[in-house]
Amino acid sequence: MKTLNAYATAIADFTERIVEAALTVFMPMLTVVVVAQVIARYVVKQPLSWSEEFSRYMLVWVVYLGMSVAIRRQGHMGFTLFRERLSPRLRRVIVFVSEAIVAMVLVFLLVGGFRVSMANMTQRSPGLGIPMALAYGAVPIGALAGIIQLTPLILKTHDRGN
C-alpha cells in the first residue's frame, strides 16, 4: 500500500503544480479583463463586447481547478466539532465515508462534464466564438484533478486503519 500511496502522491504533486501554474495565469487574466471592462464601460463609455463572457468562463475554470487544490490541502469546510469528539476508529470511518462520497461526486462530474463537453464540441459561444467545449471542459478537468488529489488522502486514511 505504501508504494501505491507514494505513486498516487507523486502524481498528485505533479497535478497540483500544473493546476497552480494554470491558476497563476488565470486569476490575473480574470482580474485584468474585469478591470478593463469596468474602465471601458464607465470611463470610456464603450464596453467590451467579449469581456463578460470571457470572465464568466474564466471564473468557472478558476473554481473547478481551485477545487482540486482545496481538496489536496483539505481546505474545504467541514464540521470538525463533531468529528473531534468521536473515537479514533469511528473518526476514521467517518472520514473514509466522506472521502468516498466526495469521490463519487467527482466521478459523476467527470463523466457528466465530459459528456456535456463532447456534446457541445461544435457549438460556439456568442461573444468569443470559441467552442463551448472549452468552457464546459472545466468541469471534467477540474473533477479529474480533484480525483487525483483525493486518491492519496483516501489511501492514507485506509492505511491508517490497518
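Asks: Hey, could you run me through the overall build of the protein in this one?
Replies: Looking only at helices and strands, one finds six helices and zero strands in the protein. From first element to last, N terminus to C terminus, the protein shows the α and β order α-α-α-α-α-α. Whereas a compact globule of 162 residues would reach a radius of gyration of roughly 15 Å, the protein reaches 20 Å, over 25% beyond that. For the C-alpha atoms alone, the extent of the protein along its principal axes is close to 65 × 35 × 25 Å. Out of the 162 residues belonging to the protein, those deemed buried represent 31%.

Asks: Can you walk me through the side chain of Ser117 in this structure?
Replies: In this structure, Ser117 sits in helix H4 (residues 88-119). A relative accessible area of 4% means that Ser117 is categorised as buried. Setting aside anything within four residues of it in sequence, one finds Ser117 in contact with Ala133, Tyr136, Gly137 and Pro140.

Asks: What am I meant to see in the packing of aromatic side chains here?
Replies: Working definition: an aromatic ring pair is given by the centre-to-centre distance plus the angle between the planes. One pass over the structure, following the stated rule, counts two aromatic pairs. Aromatic side chains Phe26 and Trp61 sit 6.4 Å apart centroid to centroid with 75 degrees between the ring planes, which places their arrangement in the edge-to-face category. Of this pair, Phe26 sits in helix H1 (residues 2-42) while Trp61 sits in helix H2 (residues 51-72), and the two are 35 residues apart along the sequence. Judged by its relative accessible area of 16%, Trp61 falls in the buried class. Look at Trp50 and Phe54: their rings are 6.0 Å apart centre to centre, the planes differ by 80 degrees, and that puts the pair in the edge-to-face class. Given a relative accessible area of 33%, Trp50 falls into the partly exposed group.

Asks: Explain the confidence of the model for the protein here, please?
Replies: A low pLDDT score tells you not to read the predicted coordinates there in detail. Of all residues in the protein, 94% attain a pLDDT of 70 or more, and the chain-wide mean is 91. Predicted confidence in the protein is weakest over helix H3 (residues 80-84), with a mean pLDDT of 72, and strongest over H2, with 95.

Asks: How do you make sense of the pattern of salt bridges when you look at a structure like this?
Replies: Where charged atoms from two side chains of opposite charge come close, those side chains can pair. In this structure the tally under the stated criterion is five salt bridges. One salt bridge connects Glu20 with Arg73, and the closest N-O pair in it is separated by 2.1 Å. Pair noted here: Glu20 is in helix H1 and Arg73 is in the loop between H2 and H3, with a separation of 53 residues, a long-range link. Classification of Glu20 as partly exposed rests on a relative accessible area of 28%. Judged by its relative accessible area of 55%, Arg73 falls in the exposed class. For Glu52, the salt bridge is made with Arg56, and the minimal N-O distance between the two is 3.3 Å. Taken together, the positions of Glu52 and Arg56, both in helix H2 and four residues apart, correspond to about one turn of that helix.

Asks: What exactly am I supposed to notice about H2 here?
Replies: Every α-helix winds through 3.6 residues per turn, so residues three or four apart in the chain are directed the same way. Look at H2: 31 Å from first C-alpha to last across 22 residues, which is about the 32 Å you get at 1.5 Å a residue. Count one or two residues on from H2 and you reach Gln74, which has phi positive near 50 degrees.

Asks: Even after reading the chapter, I still don't get unusual backbone geometry, so can you show me in this structure?
Replies: When glycine is set aside, most residues are seen to have a negative phi, and most peptide bonds are trans. One non-glycine residue with positive phi stands out, namely Lys45, at about 65 degrees. Position of Lys45 among the secondary structure elements: in the loop between H1 and H2.

Asks: Would you mind showing me how to read the side chain of Glu53 here?
Replies: Secondary-structure assignment places Glu53 in helix H2. Look past the residues within four positions of Glu53 in its chain and what remains in contact with it is Ser125, Pro126, Gly127 and Leu128.

The rules behind these values
Residues numbered from 1 in each chain as written. Predicted model: local features only at pLDDT ≥ 70, side-chain atom pairs only at ≥ 80, totals over all residues. Heavy atoms only, no water. Helix = DSSP H or I, 4+ residues; strand = E, 2+ residues; numbered from the N terminus. Rg over C-alpha atoms; globule rule 2.2 N^0.38 Å. Buried < 20%, exposed > 50% of the residue type's maximum accessible area, 1.4 Å probe, protein only. Contact = heavy atoms within 4.5 Å. Phe/Tyr/Trp six-rings, centres within 6.5 Å; stacked < 30°, edge-to-face > 60°. pLDDT = per-residue confidence, 0-100. Salt bridge = Lys/Arg side-chain N within 4 Å of Asp/Glu carboxyl O. Expected span 1.5 Å × (residues − 1).

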